[in-house]
Amino acid sequence: MSEYRFIKWFEELSKKDVPLVGGKGANLGELTNAGIPVPPGFCVTAEAYKYFVENVKVEDGRTLQEWIMDIISKTNVDDSKQLQENTAKIRQKIIELPMLPEIAEEIERAYKELSARFNKDAVYVAVRSSATAEDLPEASFAGQQETYLDVYGVDDVIDKVKKCWASLWTARATFYRAKQGFDHSKVYLSAVVQKMVNSEKSGVMFTANPVTNDRNEIMINASWGLGEAVVSGSVTPDEYIVEKGTWKIKEKFIAKKEVMVVRNPETGKGTVYVKVAEYLGPEWVEKQVLTDEQIVEVAKMGAKIEEHYGWPQDIEWAYDKDDGKLYIVQSRPITTLKEAKSEEKAEVTEEAEVILKGLGASPGIGAGRVVVIFDASEIDKVKEGDVLVTTMTNPDMVPAMKRASAIITDEGGRTSHAAIVSRELGIPAVVGTKVATKVLKTGDYVTVDGTRGVVYKGIVKSLVEKKEEEKAAGGQVVVAGAPLVTATKVKVNVSMPEVAERAAATGADGVGLLRAEHMILSIGQHPVKFIKEGREEELVEKLAEGIRTVAAAFYPRPVWYRTLDAPTNEFKEMPGGEDEPDERNPMLGWRGIRRGLDQPELLRAEFKAIKKVVEEGYDNIGVMLPLVGHPEQIRKAKEIARSVGLEPHKDVEWGVMIEVPAAALIIEDLIKEGLDFVSFGTNDLTQYTLAIDRDNDRIAYLYDEKHPAVLKLIKHVIKVAKKYGVETSICGQAGSDPKMAKILVRLGIDSISANPDAVELIRKTVAQEEQKLILEAARKRLFEDEDELDF
Ligand code: PEP
Ligand code: MG
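Residues numbered from 1 in each chain as written. Chains lettered and ligands numbered in written order. Predicted model: local features only at pLDDT ≥ 70, side-chain atom pairs only at ≥ 80, totals over all residues. Heavy atoms only, no water.

1. Looking at the packing of helix 4 (residues 80–96) against helix 7 (residues 171–179)
Turning to step 1, where the next piece is worked out: With their axes 9 Å apart at the nearest point, helix 4 and helix 7 run at an angle of 115° to one another. Judged on the interaxial angle alone, helix 7 and helix 4 are roughly perpendicular. In the crossing of helix 4 with helix 7, the sense of the turn from one axis to the other is right-handed. Each of Leu-83, Gln-84, Thr-87 and Arg-91 in helix 4 lies in contact with helix 7, whose residues at this interface are Ala-171, Thr-174 and Phe-175.
Turning to step 2, where the next piece is worked out: Grouping the constituent residues of the contact of helix 4 with helix 7 by class yields three nonpolar, three polar and one charged. (Axes fitted to C-alpha atoms, helices over the stretch in contact; angles between N-to-C directions. Helix = DSSP H or I, 4+ residues; strand = E, 2+ residues; numbered from the N terminus. Parallel < 35°, antiparallel > 145°, perpendicular 65-115°, else oblique. Left-handed = near helix turned anticlockwise from the far one by under 90°. Contact = heavy atoms within 4.5 Å. Nonpolar A, V, L, I, M, F, W, Y, C, P; charged D, E, K, R; others polar.)

This is the structure in structure tokens:
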């Protein structure tokens, strides 16, 4: 190891080094020095960041640090427009300024040294930011939790280190630092550069049994490939229970492991789900993942880490394909152990006493301690396994939603943010309770039934046990068996690229609706602002990143990307959204393709993002226009696509949503503009046909997608589309309703796109209905052909 000024290898670090390398870096150093085999790597220290900002000069000769502090001192953080603009300027500057040669040289040398440990010129690494003011809560660094996986080559590493640095200056992080009285000039950032594990097998381990709370037992879950499959719950892993000290394997459950996650063999970047039987061979599906010796090796490693920290740990581990060794990727304390919360006791009851009712928005049972929050600045309060209770969720709350065992909201319907996101994450949710934040208090214990929309007092034993049984039986969200083949395709709706792989693992025939709203809202700033600030490229890249993730997870299955459809009231909520017009009725206002055509710069950015991904070889993308009502809207949108070099029908399939009765009534005229497909947005089609605001609780009882008027419009469109050979689909919430699915199969729809949790049920329903139809037809012929049926 040669001398470095700006680099610290993990071997040189311990938990005392938070000021130099941040929390993540220090923890990795601590583990390394405790003899724990973490994948090797180094930190580009906070010193490097400091040296960079203090030595790099801006145009007028001042140092970057002086320039930043000057901007910050003139920024009123309560003026969100100003805050957005100024922090964007800072981030842009950090990314734009070239890396100082003295730092670049060291990063290059360290990266080569790291690669040489594996006898390679370059290795895949992960680059992560690690903040140095660790006592700041997570929200203070929101947006700064940057992680770049599968980074390869020196230039890429340097680029990502600068991107991590820039993330210190997101509007959100700056705002929280200001509000919490942190001195901006004293918060630095380190970047962790760590070899990626090329996992052959991987999983998680709890050094105390999380089900029984027995501290003498270690529970290990194991499956093939990358750890993501186990962590996301897409596969039922093997489970081994080991007794501490005697190292006796007390229990072994060998699961049927149908899917696994591997690095995308086609692109060499990112990951994909593959079938174990095809990728490794059929005999691997029911093979024990870890040998008995490995089970004990993993367990002993767990005990060692627990001993080091003095508290049971939740650990991610993996065996590397390249060197066959065991690696520890992550270790955190288990926070859900009963002893951890002495002051509050979970009330376990036999009786199911209903305390709240709402809409069942995401199925399943969840139980735990309630945490009531009112905005994203409070998300740190929500710990693993808590029940998140809030008025209405928003994209900034997603990190807390991921940790929650269930979600309850006051507001919203089945197509609200909370409902869509929790379904995708597979977390039970009850929305629209009206009073949850008033009735429930932080520290209460509840059981949530997301299927029936009911919340019970305490931890209801029978319900929770039922859930455990379901889990042991393989869970109900992801299909493990060979998917049924149906003539009517069954697709899935996706709005968060991070769950694309989980959605793909359902075996769905494609994505019938990729919503852009979540991607755009989670970028953290109004998209038009990005463009006005001359940062269109950044916006395009972020969008392309999301689209690419989904297109890759499903390749070669088709993915229909719907262009942005956020109403003005949702845009207004975003930082930089102050200029959004106030509309009397946003549902009837400036949204969908109308808005896209009025603000062509936005549509252009979306098409550029698609073009970028298409050029990378993804020929499975379709473009879908929302809220179309006039033929010229299709024509104009195509012109905009062509203006950025994206050719409808050739580069991408082209289609529209049928959401406005007018579109259904003039379907022939729309088709004549040239369409590959149409998809029913029944959420809107029902609202506009029946004149019922889809978000209005008071009249929700009248809202019915199966109303004869809605079905009549659907029937007409399918009939005309068939005549012209245009594919028909549905992507509204009704596609997840088995009764609706049956009707649609009978009407001859080509595909049904359901929510991830409903794909399995809809596939079964469709298969049954198709067989019934065939049987009916066969019987009819039989009776016609055979005059005398003598029994
Ligand atoms: C619909 O209207 O049915 C639809 C799928 O779009 P959204 O819910 O996003 O309006
Ligand atoms: Mg709609």
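2. Some thoughts on the environment of Asp-292
Turning to step 1, where the next piece is worked out: Note that Asp-292 resides in helix 10 (residues 292–309).
Turning to step 2, where the next piece is worked out: Take Asp-292: its relative accessible area is 33%, and that puts it in the partly exposed class.
Turning to step 3, where the next piece is worked out: Placed 43 residues apart in sequence, Asp-292 and Ile-249 show a C-alpha to C-alpha distance of 7.9 Å.
Turning to step 4, where the next piece is worked out: The contacts of Asp-292, once residues within four sequence positions are left out, are Ile-249 and Lys-252.
Turning to step 5, where the next piece is worked out: Among the polar contacts made by the side chain of Asp-292, one reaches the side chain of Lys-252 at a distance of 3.0 Å. (Buried < 20%, exposed > 50% of the residue type's maximum accessible area, 1.4 Å probe, protein only. Polar contact = N/O pair within 3.5 Å; in protein donor to acceptor, adjacent residues only side chain to side chain.)

3. Description of empty space enclosed by the protein
Turning to step 1, where the next piece is worked out: Scanning the entire structure with this criterion turns up three cavities of 30 Å³ or more.
Turning to step 2, where the next piece is worked out: In this structure, the largest cavity occupies an estimated 80 Å³ of space.
Turning to step 3, where the next piece is worked out: What lines the largest cavity is simply Thr-563, Leu-564, Ala-566, Phe-571, Gly-592, Ile-593, Arg-595, Gly-596, Leu-602, Leu-603 and Glu-606.
Turning to step 4, where the next piece is worked out: Listed by contribution, the elements that provide at least two residues to the lining of the largest cavity are helix 20 (592–598) and helix 21 (600–615).
Turning to step 5, where the next piece is worked out: Counting residues per element, the lining of the largest cavity draws most heavily on helix 20, which supplies four residues.
Turning to step 6, where the next piece is worked out: Residue composition of the lining of the largest cavity, grouped by class: six nonpolar, three polar and two charged. (1 Å grid on protein atoms, 1.4 Å probe; cavity = no way out; pocket = protein on both sides within 12 Å on 5 of 7 lines; lining within 4 Å. Points joined across faces, edges and corners; volume = space filled by probe spheres on them.)

4. Let's talk about the site of ligand 1
Turning to step 1, where the next piece is worked out: The environment of ligand 1 is formed by 13 residues, the closest being Arg-562, Glu-659, Gly-681, Asn-683 and Arg-694.
Turning to step 2, where the next piece is worked out: Asn-683 is positioned with one of its backbone polar atoms (N or O) 2.7 Å from an oxygen atom of ligand 1.
Turning to step 3, where the next piece is worked out: With respect to ligand 1, the side chain of Asp-684 contributes an N or O atom lying 3.0 Å from an oxygen atom.
Turning to step 4, where the next piece is worked out: Relative to its unbound accessible area of 290 Å², ligand 1 is 95% covered by the protein chains.
Turning to step 5, where the next piece is worked out: Among the elements that take part in the shell around ligand 1, helix 25 (residues 682–690) stands out by supplying three residues, more than any other.
Turning to step 6, where the next piece is worked out: Its residues placed into classes, the shell around ligand 1 shows three nonpolar, four polar and six charged. (Near = heavy atom within 4 Å. Areas by Shrake-Rupley, 256 points an atom, 1.4 Å probe, with all protein chains shown as cover.)

5. Some details on helix 12 (residues 417–425)
Turn by turn, an α-helix covers 3.6 residues, leaving residues three or four places apart pointing in a common direction.
Turning to step 1, where the next piece is worked out: By the criterion of burial, helix 12 is predominantly enclosed, with nine of the nine residues buried.
Turning to step 2, where the next piece is worked out: Taken as a whole, helix 12 has its buried residues at His-417, Ala-418, Ala-419, Ile-420, Val-421, Ser-422, Arg-423, Glu-424 and Leu-425.
Turning to step 3, where the next piece is worked out: Taken from the residues just after helix 12, Gly-426 is the one with a positive phi, measuring 75°.

6. A few points about the sheet that holds strand 26 (residues 559–562)
Turning to step 1, where the next piece is worked out: With parallel pairing, the eight strands of this closed barrel are ordered in space as 24-25-26-27-28-29-30-31. Strand after strand, the sheet turns through a mean of 25° between neighbouring axes, direction not considered.
Turning to step 2, where the next piece is worked out: For strand 24 (residues 489–494) and strand 31 (residues 751–754), the ladder comprises four bridges, and the chain directions are parallel. The residue bridging Lys-489 from the neighbouring strand is Ser-751, located in strand 31.
Turning to step 3, where the next piece is worked out: Set on the sheet, helix 26 (residues 708–724) makes contact with strand 28 (653–658), strand 29 (677–680) and strand 30 (727–730); between it and strand 29 the angle comes to about 170°. (Pairing = 2+ DSSP bridges.)

7. A look at unusual backbone geometry
Turning to step 1, where the next piece is worked out: Note the cis peptide between Tyr-555 and Pro-556, where omega equals 0°.
Turning to step 2, where the next piece is worked out: Of note in this structure, Trp-247 is not a glycine but carries a positive phi near 55°.
Turning to step 3, where the next piece is worked out: Looking at Trp-247, the relative accessible area reads 22%, which means it is partly exposed.
Turning to step 4, where the next piece is worked out: Of note, Ala-691 is a non-glycine position whose phi angle comes to about 55°, a positive value.

8. Regarding the pattern of salt bridges
Turning to step 1, where the next piece is worked out: Summed over all chains, the structure comprises 47 salt bridges.
Turning to step 2, where the next piece is worked out: Ionic pairing is found between Asp-70 and Lys-74, a salt bridge with its closest N-O pair at 3.1 Å.
Turning to step 3, where the next piece is worked out: The exposure class assigned to Asp-70 is partly exposed, which follows from its relative accessible area of 24%.
Turning to step 4, where the next piece is worked out: Taking the shortest distance from any N to any O, the salt bridge between Glu-769 and Lys-772 comes out at 3.9 Å. Of this pair, Glu-769 and Lys-772 both sit in helix 28 (residues 759–785), three residues apart, which is roughly one turn of the helix.
Turning to step 5, where the next piece is worked out: Overall, the relative accessible area of 42% leaves Lys-772 in the partly exposed class.
Turning to step 6, where the next piece is worked out: Via salt bridges that share partners, Glu-537, Glu-541, Arg-548, Lys-612 and Glu-616 belong to a single interconnected network. (Salt bridge = Lys/Arg side-chain N within 4 Å of Asp/Glu carboxyl O.)

9. A look at the coordination of the magnesium ion (ligand 2)
Put simply, a metal with four donors set out as a tetrahedron has ideal angles of 109.5 degrees, and one with six donors set out as an octahedron has ideal angles of 90 or 180 degrees.
Turning to step 1, where the next piece is worked out: Bound to the magnesium ion (ligand 2) on the protein side are Glu-659 (OE) and Asp-684 (OD), at distances that span 2.0 Å. Taken together, the residues span a long stretch of sequence, with Glu-659 in the loop between strand 28 and helix 23 (661–665) and Asp-684 in helix 25 at a distance of 25 residues.
Turning to step 2, where the next piece is worked out: Its relative accessible area of 2% is what places Glu-659 among the buried residues.
Turning to step 3, where the next piece is worked out: For Asp-684, a relative accessible area of 1% gives the class buried. (Donors = N, O, S within 2.8 Å, 3.2 Å for Na, K, Ca; no water.)

10. Description of the packing of aromatic side chains
Turning to step 1, where the next piece is worked out: All told, the structure shown has 12 aromatic pairs when counted by the stated rule.
Turning to step 2, where the next piece is worked out: With a centroid separation of 5.0 Å and 50° between ring planes, the pair formed by Phe-6 and Tyr-51 is classed as tilted. Taken as a pair, Phe-6 in the segment before strand 1 (7–9) and Tyr-51 in helix 2 (residues 46–55) lie far apart in primary sequence, 45 residues in all. For the pair shown, Phe-6 and Tyr-51 are each scored as buried.
Turning to step 3, where the next piece is worked out: Ring geometry for Trp-560 against Phe-677: centres 3.6 Å apart, planes inclined by 0°, an arrangement best described as stacked. Placement of Trp-560 in strand 26 and of Phe-677 in strand 29 is noted, with a sequence separation of 117 residues between them. For the pair Trp-560 and Phe-677, a shared accessibility class is recorded, and that class is buried.
Turning to step 4, where the next piece is worked out: Feature note: the residues Tyr-49, Phe-52, Trp-165 and Tyr-188 constitute an aromatic cluster, connected by ring pairs.
Turning to step 5, where the next piece is worked out: Residue placement shows Arg-109 over the ring face of Tyr-4; its charged tip is 4.4 Å from the ring centre.
Turning to step 6, where the next piece is worked out: Its guanidinium or amino end placed over the ring of Trp-284, Lys-287 lies 3.8 Å from that ring's centre, counting from NZ or CZ. (Phe/Tyr/Trp six-rings, centres within 6.5 Å; stacked < 30°, edge-to-face > 60°. Lys NZ or Arg CZ within 6 Å of the ring centre and 35° of its normal.)

11. Considering the sheet that holds strand 21 (residues 445–449)
Turning to step 1, where the next piece is worked out: Across the sheet, which stays open at both edges, the eight strands sit in the order 15-22-21-17-18-19-20-16 with mixed pairing between neighbours. The open sheet has two edge strands, strand 15 (354–357) and strand 16 (359–362), and neither has a second partner. Each strand axis lies, on average, 30° off the axis of its neighbour in the sheet, ignoring direction.
Turning to step 2, where the next piece is worked out: Strand direction decides the pairing type here: strand 21 and strand 22 (residues 454–457), joined by four bridges, are antiparallel. Of the residues in strand 22, the one forming a bridge with Asp-449 is Val-454.
Turning to step 3, where the next piece is worked out: Lying on the sheet, helix 12 is in contact with strand 16, strand 19 (406–409) and strand 20 (429–431); it crosses strand 16 at an angle near 45°.

12. With respect to the side chain of Thr-409
Turning to step 1, where the next piece is worked out: Structurally, Thr-409 is set in strand 19.
Turning to step 2, where the next piece is worked out: A distance of 2.7 Å separates a polar side-chain atom of Thr-409 from the backbone oxygen of Glu-411.
Turning to step 3, where the next piece is worked out: Dropping the residues within four chain positions of it, Thr-409 is found in contact with Thr-390, Thr-391, Met-392, Thr-393, Ala-418, Val-430, Val-431, Gly-432, Thr-433, Lys-434 and Ala-436.

13. Here we look at helix 3 (residues 64–73)
Turning to step 1, where the next piece is worked out: Of all the positions in helix 3, only Leu-64, Gln-65, Trp-67, Ile-68, Ile-71 and Ile-72 are classed as buried. One face of helix 3 carries all of its buried residues, which in axial projection span an arc of 165°.
Turning to step 2, where the next piece is worked out: Where helix 3 is buried, its residues contact helix 2, helix 4 and helix 7. (Arc of directions from axis to C-beta.)

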